[in-house]
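What follows is each chain in one-letter form.
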Amino acid sequence: MNLPPFGVTIRRMFSEYAELLRRNHDYRNLWLGFLVSQLGDWFNLIASASLIALITESGTAVSFLFLARFLPLFLFSPIAGVVNDRFNRKQVMIASDLLRALTVLGFLLVRDASLVWLFYTLTAVQFMLSALFIPGRSALLARVVEKHELVAANALDSLTWSTMLAVGALLGGLATAAFGITTAFILDSLTFVGSAWLIGRIRADTRVLPRPAGSTSRSWQEIIGGVQYLRTVPVILVIALVKAGGSLVWGAINVLEVTFAEKHFPLIFEWNGQTYGQGGTITLALMYTIIGLGTGFGPLVLRRWLGDQVAALRRGITIGFAMVGLGILLMAVPVNLTWYLLMSFVRTVGSGTVWVFSAAMLQMVVPDHVRGRVFAFEFAMLTLTQSISIFWAGAAQDFLDLSIWTTTLLTGIGGAGMLLLWLAFQRASGRKALVPDWQGD
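Residues numbered from 1 in each chain as written. Predicted model: local features only at pLDDT ≥ 70, side-chain atom pairs only at ≥ 80, totals over all residues. Heavy atoms only, no water.

Counting its secondary structure elements, the chain contains 15 helices and two strands. With the model as given, the accessible surface of the chain reaches about 20,000 Å², and the carbon-plus-sulfur share is 68%. (Helix = DSSP H or I, 4+ residues; strand = E, 2+ residues; numbered from the N terminus. Areas by Shrake-Rupley, 256 points an atom, 1.4 Å probe, with all protein chains shown as cover.)

Here's what the structure looks like:
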């Protein structure tokens, strides 16, 4: 079949990722574990929100659920980084998966509002264990793929996350509705077991490489060791803060999208006497679909255009921040839903590119013996700024009495500010920064 040039490009692009999965046994199992785990996460989120709403009938209780998910990620990440730099990362990830499987089964004990404290406690434990898993996986990825495959592997991870955003949420909702909350929790527990089994199949040596001669660290002094390393290499510190800077902007949009869908662009229709789309559910589904397409395919296309070298990744982050700021600024123009979705696509192509390219750069330049702590720091700061951004989105409307259009405009200006800061960093660091350090890796 003769394909047009664009079709040929897309086919070649996906054949490259298929070849990576086919050829690299270890990355294939790491990726499949991520796929299964992401599916379970959406089952868990929907079932958890449904259970809390059912037994408490309180909106504040649902807010506490998200607090119980966010805070442990921020607070426990420094310790998680130390653990991932002292012990075999594969074993740490397997232990995290198996303990999360047991923790999720504990949710089955929660039957009424008197045990809601247990639910929050178990949720906090689950996400403390997630704080162990996430930086460990980011650090391990650099050990199971070749240097020239890092950007491709991170781009494929982004596409997987985006796909699960759409497919996983849909399946989680259907499973919870059709089979009940209990079944959803059991399925989530099984996904953790499946992830542990897949990670156990990785054959590469996943032990942390020895520290350079002369370096010493004792006990939990290592918690600050990662920050001290970043202080001595400020260029890498900036790269470790790229996602945090981006989430300070796009975190707010995740909240504002709900209001846009419900109050400004609701799609409602009737069929067989039933009304569908109340609360902006159909519009919100469209928005999530666009988010999935932008964050998933944007980095793939830009990588194909720019390449995998460090200088290209830096240019890609510049383009990404520009698209985030421009997209949000134009989302503040009240045209119609089509315009909003188009600008949302621009914004998410940018955010996906910033996410993928900054992760690949860190994996290229950070030495293995400190990689776990660096990624734990990155994840902790991301969680903190995302929480601040989410609070800003709500407070601007509820306490400052700003319209959603004004709030979006101010958020877009913040996005433009992040671009200016990144450009200033580019100018200050020049070409001398970020030479990949693979010695000892």
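Here the narrative resumes, following the displayed structure.
Opposite charge on two side chains permits them to pair, given that their charged atoms come into close proximity. In total, this model carries six salt bridges according to the counting rule given. The closest approach of N and O atoms between Asp-157 and Arg-137, which form a salt bridge, is 2.8 Å. On the criterion of sequence distance, the pair formed by Asp-157 in helix H6 (residues 150-179) and Arg-137 in helix H5 (residues 116-144) is long-range, its members being 20 residues apart. Taken together, the shared-partner salt bridges in this structure form one network comprising Glu-19, Arg-22, Arg-23 and Glu-149. (Salt bridge = Lys/Arg side-chain N within 4 Å of Asp/Glu carboxyl O.)

Judged by side-chain polarity, Leu-99, Leu-102, Leu-105, Ile-186, Leu-187 and Leu-190 come together as a nonpolar surface patch covering roughly 520 Å² of accessible area. Of all the secondary structure elements, the ones that give two or more residues to the nonpolar patch are helix H4 (89-106) and helix H7 (181-200). Relative to the assigned elements, Leu-187 resides in helix H7. Residue Leu-187 is classed as partly exposed on the basis of its relative accessible area of 34%. (Patch = residues over 30% accessible without salt bridge, like charges linked within 9 Å, V, L, I, M, F, W, Y side chains within 5 Å. Buried < 20%, exposed > 50% of the residue type's maximum accessible area, 1.4 Å probe, protein only.)

Let's shift gears to the packing of aromatic side chains. Under the counting rule described, the total for this entry stands at five aromatic pairs. Measuring from centroid to centroid gives 6.3 Å for Phe-119 and Phe-185, while their planes differ by 55°, and the two rings are tilted. With Phe-119 in helix H5 and Phe-185 in helix H7, this residue pair connects regions lying 66 residues apart in the sequence. Each member of the pair, Phe-119 as well as Phe-185, is classed as buried. Between Trp-422 and Phe-425 the ring centres are 5.0 Å apart and the planes differ by 45°, which places this aromatic pair in the tilted class. You can see Trp-422 and its partner Phe-425 sitting in helix H15 (residues 404-429), three residues apart, about one turn around the helix. (Phe/Tyr/Trp six-rings, centres within 6.5 Å; stacked < 30°, edge-to-face > 60°.)

One finds Tyr-27, Val-144, Phe-260, Phe-321, Phe-357, Leu-362 and Val-366 to be the most contacted residues of the largest nonpolar core, which totals 75 residues. Filtering out sequence-adjacent residues up to four positions away, Phe-260 remains in contact with Phe-265, Met-287, Met-331, Tyr-340, Ile-404, Trp-405 and Thr-408. (Core = buried A, V, L, I, M, F, W, Y, C linked by side-chain atoms within 4.5 Å. Contact = heavy atoms within 4.5 Å.)

Per-residue pLDDT for the chain has a mean of 80; in total, 82% of the residues score no lower than 70. The low-confidence segment residues 213-220, where pLDDT is below 50, has five contacts with residues more than four positions distant or belonging to other chains. Predicted confidence is poor over residues 435-441, with pLDDT under 50, and the contacts of this stretch with residues over four places away or in other chains come to 19 contacts. (pLDDT = per-residue confidence, 0-100.)

The first and last C-alpha atoms of H4 sit 26 Å apart over 18 residues, in line with the 26 Å expected at 1.5 Å per residue. Among all positions in H4, only Arg-89, Lys-90, Val-92, Met-93, Ser-96, Asp-97, Arg-100, Ala-101, Thr-103, Val-104 and Gly-106 are buried. Its side-chain oxygen at 3.0 Å from the backbone nitrogen of Lys-90, Asn-88 defines the N-terminal cap of H4. (Expected span 1.5 Å × (residues − 1). Polar contact = N/O pair within 3.5 Å; in protein donor to acceptor, adjacent residues only side chain to side chain.)

When you line up the elements, His-25 lands in helix H2 (residues 25-56). Among the residues examined, His-25 registers a relative accessible area of 13% and is labelled buried. Once you skip the residues sitting within four places of it in the chain, His-25 turns out to touch Arg-201 and Arg-203.

The next thing to look at is the environment of Phe-34. Tracing the sequence through the fold places Phe-34 in helix H2. Phe-34 sits in the buried class, given a relative accessible area of 14%. Residues Phe-34 and Thr-160, 126 residues apart in the sequence, show an inter-C-alpha distance of 8.3 Å. Sequence-distant contacts of Phe-34, that is, excluding residues within four places in its chain, are made with Arg-137, Asp-157, Thr-160 and Trp-161.

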